[in-house]
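So you can see what is in the structure, the chains are spelled out below.
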Amino acid sequence: QLTNYSTGMQQILVRDEAGKPVSLPDGNLQMASRDYPQTESFQEIVRKTMAGESGVREFQDVDGERYICAYVPVHFSGMTDSWSLLVVQKYSMAMAFMDTVTQKILLIVGLVLLLAAGIVVLFSRRFTYPIRELVKAAENVEKGDFSARVAVHSQDEIGQLSRIFNRMAASLQEHQMRQTESERKIVHMAYHDVLTGLPNRTRFTAYLTRQLEVACRKNCLGAVIFIDVDGFKLINDTFGHSVGDQLLIQVSHHLQQSVDKDAFVCRLGGDEFIIVLPQVKSRE
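The structure displayed is predicted, hence computed values, not measured ones.

Procedures and definitions
The numbering scheme is per chain: residues are counted from 1 as the chain's sequence reads. For this predicted model, a pLDDT threshold of at least 70 governs which residues receive local features, and a threshold of 80 or more governs which side-chain atom pairs are given and counted, while totals over whole chains, interfaces and linings are taken from all residues. Water and hydrogen atoms were dropped before computing side-chain values, which therefore reflect all heavy atoms in the structure. Pairs were defined over the aromatic rings of Phe, Tyr and Trp, the Trp ring being its six-membered one, requiring ring centres within 6.5 Å. Orientation was assigned from the angle between planes: stacked under 30 degrees, edge-to-face over 60, tilted for the rest. Only protein chains enter the accessibility calculation, which uses a 1.4 Å probe. A residue is then buried if its area is under 20% of the maximum for its type, exposed if over 50%, and partly exposed in between. Any two strands between which DSSP finds at least two bridges are classified as paired. Put simply, DSSP H or I for four residues or longer makes a helix, DSSP E for two residues or longer makes a strand, and each gets a number counted from the N terminus. For every element, the axis is a line fit to its C-alpha atoms; helices are fit only across the contacting stretch, and the angle between N-to-C directions ranges from 0 to 180 degrees. Points on a 1 Å grid over protein atoms alone make up a cavity when a 1.4 Å probe fits among them but cannot get out, and a pocket when they form an open set with protein on both sides within 12 Å along at least five of seven lines; lining residues each have an atom within 4 Å of a point. Grid points are joined across faces, edges and corners, and a volume is the space filled by probe spheres set on the points. Under the scheme applied here, ten amino acids are nonpolar (Ala, Val, Leu, Ile, Met, Phe, Trp, Tyr, Cys and Pro), four are charged (Asp, Glu, Lys and Arg), and all others, including Gly, are polar. In what follows, roughly perpendicular refers to angles from 65 to 115 degrees, roughly parallel to angles under 35, roughly antiparallel to angles over 145, and oblique to any angle outside these ranges. Here a residue-residue contact requires only that any non-hydrogen atoms of the pair lie within 4.5 Å. Here a polar contact is recorded for every N or O atom pair within 3.5 Å, except that within protein the pair must consist of a potential hydrogen donor and a potential acceptor, and residues adjacent in sequence are included only if both atoms are side-chain atoms. Counted as salt bridges are all cases of a side-chain nitrogen of Lys or Arg within 4 Å of a carboxyl oxygen of Asp or Glu.

## Overview of the packing of aromatic side chains
Aromatic rings in a pair are described by how distant their centres are and how their planes are angled relative to each other.
Link 1 in the chain: One pass over the full model with this rule turns up four aromatic pairs.
Link 2 in the chain: Ring centres of Phe59 and Tyr67 lie 5.3 Å apart, and the angle between their planes is 10°; on these two criteria the pair is classed as stacked.
Link 3 in the chain: On the basis of relative accessibility, which here comes to 15%, the residue Tyr67 falls in the buried class.
Link 4 in the chain: A ring pair is formed by Phe76 and Trp83, whose centres lie 6.5 Å apart and whose planes are at 90°; its orientation type is edge-to-face.
Link 5 in the chain: Among the aromatic residues, those joined into a ring-pair cluster are Phe42, Phe59 and Tyr67.

## Thoughts on the sheet that holds strand S2 (residues 9-13)
Link 1 in the chain: If you walk across this open sheet you meet the three strands as S1-S2-S3, and the pairing is antiparallel. The sheet terminates laterally at strand S1 (2-4) and strand S3 (31-35), the two strands that pair on one side only. Averaged over all adjacent pairs, the angle separating strand axes in this sheet is 20°, with direction ignored.
Link 2 in the chain: Sheet analysis places S1 next to S2, joined by three bridges and oriented antiparallel. Bridging across to S2, Leu2 finds its partner in Gln11.

## A short note on unusual backbone geometry
Link 1 in the chain: Of note, the phi angle at Asn219 is positive, near 55°, even though the residue is not glycine.
Link 2 in the chain: Tracing the backbone shows Asn219 in the loop between helix H4 (201-218) and strand S7 (223-228).

## Some points on the layout of surface pockets
Link 1 in the chain: In this structure, the largest pocket occupies an estimated 630 Å³ of space.
Link 2 in the chain: Contributing elements (two or more residues each) for the lining of the largest pocket: S1, helix H1 (40-50), strand S4 (55-60) and strand S6 (83-90).
Link 3 in the chain: Tallied by class, the residues present in the lining of the largest pocket amount to twelve nonpolar, eleven polar and one charged.

## Looking at the packing of helix H5 (residues 232-239) against helix H6 (residues 241-258)
Link 1 in the chain: Two elements in contact, H5 and H6, have axes separated by 7 Å at closest approach and are oriented at 140°. Judged by the inter-axis angle, H5 sits oblique to H6. Packed against H5, whose contacting residues are Phe232, Ile235, Asn236 and Phe239, the element H6 presents His241, Val243, Gly244, Leu247 and Leu248 at the interface.
Link 2 in the chain: Partitioning the contact of H5 with H6 into residue classes produces six nonpolar, three polar and no charged.

## What to know about the environment of Glu58
Link 1 in the chain: Along the chain, the position of Glu58 falls in strand S4.
Link 2 in the chain: Taking C-alpha positions, Glu58 is 9.7 Å from Gln89, a pair spaced 31 residues apart along the chain.
Link 3 in the chain: Filtering out sequence-adjacent residues up to four positions away, Glu58 remains in contact with Arg66, Tyr67, Ile68 and Tyr91.
Link 4 in the chain: At a separation of 2.5 Å, a polar atom in the side chain of Glu58 contacts the side chain of Arg66.

## Looking at the pattern of salt bridges
Link 1 in the chain: Considering all chains together, one arrives at nine salt bridges under this definition.
Link 2 in the chain: Residue Lys48 pairs with Glu44 through a salt bridge whose shortest N-O separation is 3.8 Å. Pair noted here: Lys48 and Glu44 are both in helix H1, with a separation of four residues, about one helical turn.
Link 3 in the chain: With its nearest N and O atoms 2.5 Å apart, the salt bridge here joins Glu58 to Arg66.
Link 4 in the chain: Of the residues examined, Glu58 reaches a relative accessible area of 40% and is grouped as partly exposed.

Right, here's the structure in full:
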């Protein structure tokens, strides 16, 4: 088809019933003329094109269809008149293409953001996991659990901090063990005789008080036996205090072996010992 936008006429090929172009006797193809109605918006584009302008504009056809038109002048060497190139496409088709491109771009952007978020989460967890371990271990130490340790995952600052924390926790645990042992020894020394290891006067007083309460409540019998070593001063004066100490140790062993497990044996002081029998059936 050949359109004259100035006159608004269009030349089109004449076709037969089969849709084939009809030829004239001289061999040329038969043409027919018809009106080509134009809207004002399209005529404005035609005027700008014939004036040698270029640009992109939107117009509406007589059937109400919206179009997008790009136009630019074209100059050929050896010709004084310039031609113009017009590219026309339906607005819906152009927007469909743009929608497709936009959807693909949005999809790609979404996938990239999702991948980036996954990478951020992965690396953040990998980075924060040692810190969370340190925080949890520090909370255990705060509660008094000095056996808490953290794994060293790297050689960076976090790894160095983990090693320092482990050394600190080990030092605190060792100090706690020494303190516990010292407290145990102090308590033992407070209630036991240093030489024989038997309970001392303080321990005896507390034990006897409890046993008297039990005896009164249950109306049962008990016995308190006082024992001393005859001639102990002579042994100290003759053989020395070291021999006297050994004698007291042997006496304590002998007394412990002479009673059952329910009996209470203590050193009251010097060569004086006491045995408490919490339950007896008779004086004999």
